[in-house]
Every structure is written in structure tokens, then in C-alpha cells.
Amino acid sequence: MTLPADIAARFAAVAPACDFWSVRVMRSRAEYLAVTRGVAEPVALSDDFGVMVTVHAGGGLGYAATSDISAAGLTRAGRAALEWAQRSAGRMVAPLPPRSTNTIHHDHEDRPRIAWDAVSRAEKFVRLKAQSEELKRDDRIADWSTDLSFTDEDSVLVTSSGDFIRQRRGIVVPGLSASASVDGETQTRTFGRGGVIRQGGLDVLDDVGFWTAAPRVADEALELLAAPNCPTGEMDLLLAPDQMYIQIHESIGHPLELDRILGDERNYAGTSFVTLDMFGSYQYGSPLLNITFDPGVVGEAASYAFDDDGTRAERQFLIRDGILQKPLGGAFSQARANTSGVANARACNWNRPAIDRMANLNLEPGSASFEDLVSGVENGITMETNVSWSIDDSRNKFQFGCERARLIKNGKLGPVVKNPNYRGISATFWRNLKGLGNAASVQVLGTPTCGKGEPNQAIRVGHSAPPAVFADVHVFGGG
Amino acid sequence: MQDQFYTTADVIAAQIKGDEGFLARFSGESSDFVRFNRSAVRQAGMVEQRYLTLELFRGKCHAAQTLSLTGEQDLDADVVKAAVATLRDILNDTAEDPHFLINTTPQSTTRVMPSALGTPEESVDAVLKAGAGHDMVGFYAAGPIHSGFANSLGQRNWDTVKAFNIDLSFYLRADKAVKMGHAGTTWNAAAFAHKAGLAKERLAALARPAKTIQPDGYRVYLAPAAMEDILSMMSWGGFGLADHRTATTPLIKMVEQGVKLNSAVTISENMRDGLSPGFQNQGFVKPDNVTLIENGAYKDCLVSPRSAAEFDEAPNGADDSESPVALDMAAGTLAHEDILKTLGTGIYVGNLWYLNYSDRNAARLTGMTRFATFWVENGEIVAPVNVMRFDDSIYRMLGDNLVALTAERDLLLSTDTYEARSTRSMRLPGAIIDDMRMTL
């Protein structure tokens, strides 16, 4: 079997004469298993193998990506990258930063506690079908599905400076969904609605409670059918981790991306209300707010030792005690902005260049239990599981919807309500953070499809968060 | 790439045994990508990719594998042979799929769209020239996009479109910008320069002090680019048979309760326009037209072969996603020169952004205004508007509150490049809508 390291070595032998080159080789082998409305979908496998060549020449930068990993294909890619570097020389938005003179050798494979293939594909289908039957527990369940995806990702980065970085990991994404419908109304509950993603193997499915979740998911969809609509008003809002992760993602993660602040994304994903002068002094949130870039959390979706530029990744505080500290910017963006950042130059695959991305962006826990948080709310609501997300292109005015909510009165959980939504403004919302769950309440979540970049890239990111309480939030229902 | 794919299909055909059959799907592209910021180059390069999805079946048992290919025939043959062996093993352990349905009446087709792209140097020079003296940011993508299908019945389909897509924004300050798109299959430097010139002329209106509007209902004009966002949301589960039969469609009130949109609204899948290939994954050839909504009433669904088998309907060439690839909304009668006069006093919305459902059952959408959006008084543009959130239902916006659709329509070629360059398109009019709810 051809290995990514072999391809990288093959490229080194045919690399063009230039100031600097790198070759990033990726092989992703994936398996997707699903049972939809009681019927097993066909097994879907994939084996995706390609290279991204980057060349610096005369102050220009060019790239060429190809799935042609033959010797001739690699030669052509090197030549094409050089041509694009020459075309862009003298026209770049900023000078290319000097490369570090320290060479890196890193070769690591993550080993899950339980390998993905420790259980046969047939046995996995037996379990998925059993889940499917548990989801279809009532005639009102009109749509139901359960699925698993596993990706074995092996990447190698080799540079003309002598760097060799190999990282291999498994990524697991499970899904469950049940939609209940009666009289023209449909309510859906899911298992995290795509927010459950982890590095690892089969062990992940036990850790996240996947195999036991189906009855609850179906029962709660049915429960929502009979629930009243979410009320409208200003109130305290207690968000569960499976809503917190996307609140963090959209209204902290994206606005802190340095390439957005520098304007690269203004034609597509947008700009940011954050400006360079805010770092070090801007009060982003209440003193409870501590946000870290943490690539070292075992099992989190975007844990890694080096980013796709070859920069070593380390834990950093981006917001400490509510004060903005650092942006999410890789080496090139840091040089352009003359500021420090993190190792977050990432590409979603071999066929896309690295840009500034979130990776693991985590909300550090507080000290309260979930019960403590509820007991501190006089008039409020708790919402769980994101279903709708929308935010302006400066990442300020947002609106989110959740699958399920419960009213809170005088410190006690009350009835379930449906179609819960809330809206606010990033710049003020986080300053109203008034309660934070403890370490035991933290959930490690994320998303496999954070979209950004031109050409577009959907990449996986991780977010761990406890439940959190916000004061005076505008809440409303559907209809 | 066509010859390579057909040769690969022959390799597969030589591998199958007994009562086995296969479906093979190909997608490939050779794309130049240049990203701009501050009227300079941010990232420039090219991507060449070839993907084959091989589906092996025996009776109603089937399994699939997607492979990246090199284009080197010997290397690819080895990979494909290994994949056939892998899938054969899987079939030995696979139950019958009652929803497996493929085209058994071979219909081979070939379409290679005529094109005349400029060189990368010409196009990049033109974009940088247009940006000179301005704060221009955006993206250039160009090159051939290939799609193919083959099966064990001898059917062969091929589609090549060589297209370019330039998507730019000219910024005046902060978030105040004019967006422009220029796409097609024949590069014309003068046409691009003219369009860029018009976009830059509109910057003058953004120089005026911005107006912040208060939450309320407003009369609005949604330009075709803004309508694209509304129709994209409707396409997210709104037109597929499976979504209708499982009651998960956002248009459930149209399907189950007979709710109607304004009678001016007719929406169809129109394969005669646009760039998408005319065949789908199971070998069915797409019909020229499927009417989805006619005179405000729900008419037909997009039906994939899988849904057809599950729900006992006839397939109509839909992809697995049952989402339109060449959506067409019928024109109205409002002349372009009458848009501002008919709007009167209200908001001219050039673009919307980041839409989502705030209540899927009620087809209620939220989203933001973006780029060139103006406050209009008595038919005259008065000021740019600071970004505003709307939250309103499709039934209101395209129902009783729809005042007029424009006679002129724009063909909007998708700028999406997730995993591969999209060939989706929409041909849409602009719309004047009364009492659109602005909320934040």
C-alpha cells in the first residue's frame, strides 16, 4: 500500500527550484453506515488520496493540488505551483513571513481505546437497526434515522527546510433523529444534531452515550408535539452545552479569526466587529468568561500537535477573565497584523490551502452544578440542542433556535415548551454571562462542517463547554 | 477525462462476475483559484481532482466506494480492481435493499458546452485592474468541470462545462460594500469591466451617512441575489418527495393544508437553463422541466429513485438530495426602471445573508441584510442601511404581501466550491414585498 510519507518523498525528488516548497499529503479513508426509516442504506466507503504543493518564489506564493500522485503528476503539480507563485509575485497582499530555521520531526498515530473495526460492520448494522426500532416507538414518529461515520485520516507535511510532520487520527460522528408529526405539525429531536464529533474509535460511542439515546430522543420528539409554544419576553437563559458550542462558535470563534479581521473573508464569510486595537483591553464578556484555544484535549475534534503550516500547537487563552487577549491567527496572518496568535492554519483536505480556522475553542468551566444554575434563576428558561443559527457578517447580531426548552420559575424546572428561539448582540451578550457550570458538567462537542474560505472549505472544529446562564435575553417562540 | 473514465468503466465491466452489475459516477475538475484582498492577491493556485464512485450490486444488494483517481490508467485500474473486490466482499454480508432502484433503459448522452475562457493571466489582470484605487476583495474560479456516468448495461453519459465565476466586493468602509458577480462560459474583458464599473458607481450611494432602522414591518425590494437566499432555503427540504411524505418539509402547510402562495409564484426545476449535467447517480436522465409550485399552489415534488421505490411513485430524475439544481422562478411584470417608484418608501435589499428557519413548521425564516442595502423615500435612494435582521414567513413574503415580481430575471450561477465547484443555478426575478418584519 502506498503511504503518504512515500508520496512526500517522491515529491521531494522532483520539487522545482524555488525559495521554499512544502508538500502536504493526505489520505482519508471513511465509512458511512446508516439505517433510515428501518431500512439499512448501502454501505458507503471512500478512499481519498491527494497532495497540496505550495511554492514560494520571488516573493510570490502559489499552490497546486492534485489527486494524481504518480511521479509525473507530482512533477506537474510542482511546476504549476511555481507558475502561480511567479504570477503572484509583486502582487501579494503582504510579504511572506520568514520560515523558522528549526527543523521539525514528528511522527504520531493516535491509538483509540477500542479500534473502529473491533466490531464487524454486520454487528454495527444489527445495533443500528435495534436503535431504529427504538426510535419508531409510536405511530406518530414519521421520520427516523441513525447513522455512523468513521474517518481514518493520515497526513504528512514535508518541507524544503527538512521538516517532516505526520499525524494520523480517527474521527467518529454519530447521529440519531426522530421526527414526530400530527395534524400538520412536526417536531424533531436529535442526538446533538451534528454537534457530537470526537477523535477516537468505537470507544467514542460509549463515551457519548450513543447506544442508549434512542428512546429518549423519540420520547422527547413526541413530548414536544403536545408542548405549548415558547413564551416571549426578556428573561434569564440557561443554555445546555449542545447549544453553547455553537453560541461560542458563531459569536466568539468567528469574530476572533484574524483573517476575517484582516479582511480576507469580507466577500464570503464576512468581517468582524473585533478590531486589532481591542486585543489586551476589550471587555468581551463578564469575568466568568475564559476562552482557550486548546489543541491538546484528548478526543476533541480538532486536537493536533502541528497545524498545516507546520507550526507547533499549544494551549492559549484568547479571552481571560472576560478580557480579549489573542486572535485566532496562524503564522502568515500574525506577520500581516504584527501580532501574536495561535497555530490554526488549517485545510479541510489535500485540495484546499490552509487558512485561519477555529480548532478546539473551549469555554473553561466555572464552579456551579447544573442544579445550582437552575436554582439561581427566578424567571427564565433552559434551552438545549441547536436547530437554527444565524448571525450578521460582522458576527454581532445573532439569532439561535433550539429543539427543546423548559421554563424555570423560582429556581425550579417547569414545563417543556417548543420552538424556543433567542436573539441578541455578541458585544453585549457575553457581558451578561452570570453563571457557569463546573468541570463535571462540561461536554466535549464540535461540528464537522464549519464553512469558510474561497475556495470553500468545511472543516471540523471542537468546542467543549459547560452549561451557562445569561441575564436579560430576548426569548420567543414559533408561529 | 472522458476517455479515461470510459476506459475505467471498461475495466470495471471486465471485473464483474455472474449476476453482478455496477454503476460508476465520475466527477472531476481542473480549476484555477485566485483569492483577492485589498485589491491584491491573497492566495493563488490550481486544483486538479478526479473522483470515481463505484457502486456494485447483485440483485437488490449494493454497496459503494468513492475513490480519488490519478488519471494514470494503470494505477487507476489497480485501485478500481481492488475496490470491486472490497465491495464484492461487502455484498456477501449485505441484506437486500427494498429501495434500490436504477435506470434499466440505457440512455447515453454527451454534452460538451461550447466555451471560450480567457487565460488566467488575462482574467487576473482584469480583476486587479478593476480593483485599482479601490478596496476590492473576492474570488476568481475557472476551468473545466466534468461529470460522467456508466453502468453495466452499457449506458454512458458525459458532461463537460468550462466556466468562470468571478465574485467580488468593492468596499467603501467597514461593512459598507457593493457585491458583484460575473460568470459564464465565454470570457469577455469588456463585459467584465462594464459590470465592475457599474458596481463601483454604486459605491457613491454608500458614502452617505448610514441609516439605522427600528424593528417594524417595512416595504422592501429584494434583488434577485437576495431572492436566491430565500429560494435556497425553500430548496432545503421544501421540494423533495421524502421530506413531504415524512412531514419534515418546511412547506408542510402547503402539502397538508392546501395553503397557497401568491398566484404570481411559479417555481420549477428547469434543466434547459444552467450548467448542471442532465443525468443523475442511478442513470436516469432528467426531464427538461418539473413544475414544483404553479400559480401559488404546490404541484410536483422532485423524486429520486430511492424515494420512488420507498413511496411508490415514479422517479423524475432528481438527485439523491431531491434539491433543485436549476431552479427557475417565473418572471412578473414590474419593469426594471419602475422598481424604486413601486417600492416608494422602504428598503432596497441587494443581498441577504445567513438565513435559517426560526420555525420550520411555519416556514418562518430569519436572516440578515448585507452589502448594498438602501433606505428609499418616494422612489429615491436616500441612505445606506446598517445591517438588519428579518424574521418572517415564506407564506407572508411570497403570499399576500408579495406586491410584484420583476419582468427581468437574473441567471445566478452558484459560487459554491465546497469539495468541488458547483454547477447549480437559479434564474430569478426581484420582488417587492410589503410589511416584511425587521426585528433586530
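Residues numbered from 1 in each chain as written. Chains lettered and ligands numbered in written order. Predicted model: local features only at pLDDT ≥ 70, side-chain atom pairs only at ≥ 80, totals over all residues. Heavy atoms only, no water.

S.K.: Would you explain the pattern of salt bridges in this entry?
M.R.: It is possible for side chains bearing opposite charge to pair when their charged atoms get close. Inspection of every chain in the model, using the stated rule, returns 65 salt bridges over all chains. Between K452 of chain A and E257 of chain A there is a salt bridge whose closest N-O contact spans 3.0 Å. With K452 of chain A in strand β22 (residues 443–452) and E257 of chain A in the loop between α6 (241–253) and α7 (258–261), this residue pair connects regions lying 195 residues apart in the sequence. Overall, the relative accessible area of 0% leaves K452 of chain A in the buried class. In this structure E257 of chain A comes out as buried when scored by relative accessible area, which is 0%. Of the charged contacts, one joins D10 of chain B and R156 of chain B as a salt bridge, the two residues approaching to 3.6 Å between their closest N and O atoms. Here the residue D10 of chain B occupies a position in helix α1 (residues 2–15), and R156 of chain B occupies one in strand β6 (residues 156–173), the gap between them amounting to 146 residues. Under the relative-accessibility criterion, R156 of chain B is labelled buried at 17%. Members of the salt-bridge network, linked through shared partners, are R29, D107, E109, R111, D152, D154, R166 and R168 of chain A. (Salt bridge = Lys/Arg side-chain N within 4 Å of Asp/Glu carboxyl O. Helix = DSSP H or I, 4+ residues; strand = E, 2+ residues; numbered from the N terminus. Buried < 20%, exposed > 50% of the residue type's maximum accessible area, 1.4 Å probe, protein only.)

S.K.: Would you explain the sheet that holds strand β13 (residues 323–324) of chain A in this entry?
M.R.: Strands in a sheet are paired, the pairing made by backbone hydrogen bonds, and the direction either parallel or antiparallel. All names here are of chain A. Spatially, β13-β12-β11-β16 is the arrangement adopted by the four strands of the open sheet, whose pairing is antiparallel. A strand with exactly one partner marks an edge of an open sheet, and here the two such strands are β13 and β16 (361–363). One ladder, built from two bridges, connects strand β12 (residues 316–320) with β13; its direction is antiparallel. Considered in β13, the bridge of I319 is made with L324. (Pairing = 2+ DSSP bridges.)

S.K.: How do you make sense of the interface of chain A and chain B when you look at a structure like this?
M.R.: Interface size is commonly expressed as the accessible area that is lost once the parts come together. With 90 residues of chain A in contact, the opposing surface of chain B contributes 86 residues. Carbon and sulfur atoms supply 47% of the area buried between chain A and chain B, which totals about 7,000 Å² over both sides. Taken as a group, W84, R266 and N267 of chain A account for 12% of the area that chain A buries against chain B, more than any other trio of residues on that side. Taken together, the connections running from chain A to chain B amount to 10 salt bridges. (Contact = heavy atoms within 4.5 Å. Buried area = accessible area lost by both parts, 1.4 Å probe.)

S.K.: Explain the domain arrangement of chain B to me, please; I cannot follow it from the model alone.
M.R.: All names here are of chain B. Domain annotation of chain B identifies domain 1 (2–206) and domain 2 (216–438). Here the C-alpha centroids of domain 1 and domain 2 sit 25 Å apart. Contact with domain 1, which involves 49 residues of that partner, is made by 37 residues of domain 2. Each partner contributes to the roughly 3,100 Å² buried at the junction of domain 1 and domain 2, and carbon and sulfur atoms together form 59% of this total. On the surface where domain 1 and domain 2 come into contact, there are one salt bridge. Notably, a salt bridge pairs R306 with D97, separated by 2.7 Å at the nearest N-O pair. The interface formed by domain 1 and domain 2 contains 16 residue pairs in polar contact (both at pLDDT 80 or more). Only β1 (20–37), β4 (109–112), β5 (135–151), β6, β7 (176–184) and α4 (189–206) provide two or more residues apiece to the side of domain 1 that touches domain 2. Classifying every residue of the side of domain 1 that touches domain 2 gives 22 nonpolar, 17 polar and 10 charged. (Domains from an automatic or database assignment. Polar contact = N/O pair within 3.5 Å; in protein donor to acceptor, adjacent residues only side chain to side chain. Nonpolar A, V, L, I, M, F, W, Y, C, P; charged D, E, K, R; others polar.)

S.K.: How should the packing of helix α3 (residues 121–135) of chain A against helix α5 (residues 214–225) of chain A be read in this particular structure?
M.R.: For any two helices packed against each other, one specifies the crossing angle of their axes together with the interaxial distance. All names here are of chain A. Viewed as axis vectors pointing N to C, α3 and α5 meet at an angle of 25 degrees, and their least axial separation amounts to 8 Å. If you check the angle between α3 and α5, you find them roughly parallel. The interaxial crossing formed by α3 with α5 has right-handed handedness. Across from Q131, E134 and L135 in α3, the residues of α5 making contact are A214, P215, V217 and A218. Partitioned by chemical class, the residues of the contact of α3 with α5 number five nonpolar, one polar and one charged. (Axes fitted to C-alpha atoms, helices over the stretch in contact; angles between N-to-C directions. Parallel < 35°, antiparallel > 145°, perpendicular 65-115°, else oblique. Left-handed = near helix turned anticlockwise from the far one by under 90°.)

S.K.: I would appreciate a short explanation of α3 of chain A in the present structure.
M.R.: Each α-helix turn comprises 3.6 residues. Residues three or four places apart therefore point the same way. With 15 residues, α3 of chain A extends 21 Å between its outermost C-alpha atoms, agreeing within 8% with the 21 Å of an ideal straight helix rising 1.5 Å per residue. Looking at the buried positions of α3 of chain A, the neighbouring elements they touch are β1 (20–36), β2 (39–40), β3 (43–57), β6 (141–159), β7 (164–182) and α5 of chain A. (Expected span 1.5 Å × (residues − 1).)

S.K.: Honestly, the environment of G380 of chain A in this entry has me stumped. Any pointers?
M.R.: All names here are of chain A. Looking at where G380 falls in the secondary structure, it is placed in strand β17 (residues 379–391). In this structure the C-alpha to C-alpha distance between G380 and L413, which are 33 residues apart in sequence, comes to 9.4 Å. If we ignore the near neighbours within four places in the chain, the residues touching G380 are M235, D236, L407 and I408.

S.K.: Could you clarify how one ought to interpret α5 of chain A in this entry?
M.R.: Residues and elements named next belong to chain A. Compared with the 16 Å implied by 1.5 Å per residue over 12 residues, the 17 Å span of α5 between its first and last C-alpha is a close match. Among the residues of α5, those classed as buried are A214, V217, A218, E220, A221, L222, L224 and L225. For α5, the secondary structure elements touched by its buried residues are α3, β6, β7, β8 (185–190), β18 (397–409) and β19 (412–417).

S.K.: Explain the side chain of R42 of chain B to me, please; I cannot follow it from the model alone.
M.R.: Along the chain, R42 of chain B falls in strand β2 (residues 40–58). Within the structure, the side chain of R42 of chain B is placed 2.8 Å from the side chain of D264 of chain A, a separation counted as a polar contact. The residues contacting R42 of chain B, other than those within four sequence positions of it, are M92, V93, D264, F332 and R336 of chain A together with R35, F36 and N37 of chain B.

S.K.: What exactly am I supposed to notice about the packing of aromatic side chains here?
M.R.: Here a ring pair, both rings aromatic, is described through the centre-centre distance and the interplanar angle of the planes. Using the criterion set out here, one finds 29 aromatic pairs over all chains in the structure. Arranged with centres 5.5 Å apart and planes meeting at 55 degrees, the rings of F57 of chain B and F100 of chain B form a pair that is tilted. Of the two residues, F57 of chain B is situated in strand β2 and F100 of chain B in the loop between α2 (73–91) and β4; the sequence distance between them amounts to 43 residues. Like F100 of chain B, F57 of chain B is buried. These aromatic residues form a ring-pair network of at least three members: F398, F400, Y422, F429, W430 and F470 of chain A. Taking the ring centre of F332 of chain A as reference, the NZ or CZ of R336 of chain A above it sits at 5.5 Å. (Phe/Tyr/Trp six-rings, centres within 6.5 Å; stacked < 30°, edge-to-face > 60°. Lys NZ or Arg CZ within 6 Å of the ring centre and 35° of its normal.)

S.K.: Looking at this structure, how should I read the domain arrangement of chain A?
M.R.: Residue and element names in this part refer to chain A. If you check the domain split of chain A, you get domain 1 (4–225) and domain 2 (233–476). Spacing between the C-alpha centres of domain 1 and domain 2 amounts to 22 Å. Taken residue by residue, the interface counts 41 residues in domain 1 and 41 residues in domain 2. When the buried area of domain 1 at its contact with domain 2 is split by residue, R24, I197 and Q199 rank highest and sum to 17% of it. For the pair domain 1 and domain 2, the number of links is seven salt bridges. We note a salt bridge from K418 to E185, for which the minimum N-O separation is 2.8 Å. The residue inventory of the side of domain 1 that touches domain 2, partitioned by class, reads 18 nonpolar, 12 polar and 11 charged.

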